[in-house]
Amino acid sequence: DGGITQSPKYLFRKEGQNVTLSCEQNLNHDAMYWYRQDPGQGLRLIYYSQIVNDFQKGDIAEGYSVSREKKESFPLTVTSAQKNPTAFYLCASSIGAFRRLNTEAFFGQGTRLTVV
Amino acid sequence: KNEVEQSPQNLTAQEGEFITINCSYSVGISALHWLQQHPGGGIVSLFMLSSGKKKHGRLIATINIQEKHSSLHITASHPRDSAVYICAVMDNFNKFYFGSGTKLNVKP
């Protein structure tokens, strides 16, 4: 079955350490996204990628980095420069704006990151 | 201005009640999603729809493209339905917009 997988579900890190969150999809989707959710708040866009080897900053990209070396994978690194990294992180993918049928989209389960 | 508005923000119901959560949006969309998030938990995709109506168990989602409105209904609600329900739309440029969520509490 095709789907999008985020791992791990819960992650703990010490302050000052970089941490990389995994997002993998086997849906042949071109577009992938990372969002952040703070307690009681809505989801905000961190980075997105419309195609392999290309990505753009979202609304809150500071302190984060991404790569898109493979179509299936869009890892997010939370760097030590991110002042408040503790949050819920959600990955999503969609078939892509470059294809005519662009309605298909899937969401990962999310990763809850706690920095202590 | 939020592109996606949900109502109500908070909803308390007694077990067995019929529940409706509404979502209105202002952008042109290619699809609308309903997501469920339990406290401290992950996201579960409930529905993706671009027209009409979909049903899965006790959950029903409808969308009216002309009115830019969608509803999520829960029949015979149960305490395990207690969660935050999020409406998300994908516009015609492949961008997602999210509602702020509806926090549902179903009491036994």
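Structure report, in brief. These numbers come from a predicted model, not from an experiment. (Residues numbered from 1 in each chain as written. Chains lettered and ligands numbered in written order. Predicted model: local features only at pLDDT ≥ 70, side-chain atom pairs only at ≥ 80, totals over all residues. Heavy atoms only, no water.)

## Digging into the overall build of chain B
For chain B, the helix and strand inventory stands at 0 helices and 11 strands. The helix and strand sequence of chain B, counted from the amino end, reads β-β-β-β-β-β-β-β-β-β-β. Here the C-alpha atoms of chain B give a radius of gyration of 13 Å, agreeing with the 13 Å that 2.2 N^0.38 yields for 108 residues. Its C-alpha atoms put chain B at 45 × 25 × 20 Å along the principal axes. Counting all 108 residues of chain B, 48% fall into the buried class. (Helix = DSSP H or I, 4+ residues; strand = E, 2+ residues; numbered from the N terminus. Rg over C-alpha atoms; globule rule 2.2 N^0.38 Å. Buried < 20%, exposed > 50% of the residue type's maximum accessible area, 1.4 Å probe, protein only.)

## Comments concerning the state of the cysteines
Inspection of the entire model under this criterion finds 2 disulfides over all chains. Between the sulfur atoms of A:Cys23 and its disulfide mate A:Cys91 the distance is 1.8 Å. As the torsion about the S-S bond is roughly -75 degrees, the A:Cys23-A:Cys91 disulfide counts as left-handed. Here A:Cys23, found in strand β3 (residues 19-25), pairs with A:Cys91, found in strand β9 (residues 87-94); they are 68 residues apart in sequence, far enough to count as distant. Look at A:Cys23 and you get buried, because its relative accessible area is 1%. Two residues, B:Cys23 and B:Cys87, share a disulfide whose sulfurs are 2.0 Å apart. Handedness of the B:Cys23-B:Cys87 disulfide follows from its S-S torsion of about -65 degrees: it is left-handed. (Disulfide = S-S within 2.5 Å.)

## Brief notes about the pattern of salt bridges
Per the counting criterion, the structure on display carries 4 salt bridges over all chains. The partner of A:Asp30 in a salt bridge is A:Lys71, and the shortest N-O contact between them spans 3.4 Å. With A:Asp30 in the loop between β3 and β4 (31-37) and A:Lys71 in the loop between β7 (64-66) and β8 (76-78), this residue pair connects regions lying 41 residues apart in the sequence. Among the ionic pairs, B:Arg58 bridges to B:Asp81, the shortest N-O distance being 2.9 Å. Highlighted residues: B:Arg58 in the loop between β6 (52-56) and β7 (59-64) and B:Asp81 in the loop between β8 (69-74) and β9 (83-91), separated in sequence by 23 residues. A relative accessible area of 25% means that B:Arg58 is categorised as partly exposed. Classification of B:Asp81 as buried rests on a relative accessible area of 6%. (Salt bridge = Lys/Arg side-chain N within 4 Å of Asp/Glu carboxyl O.)

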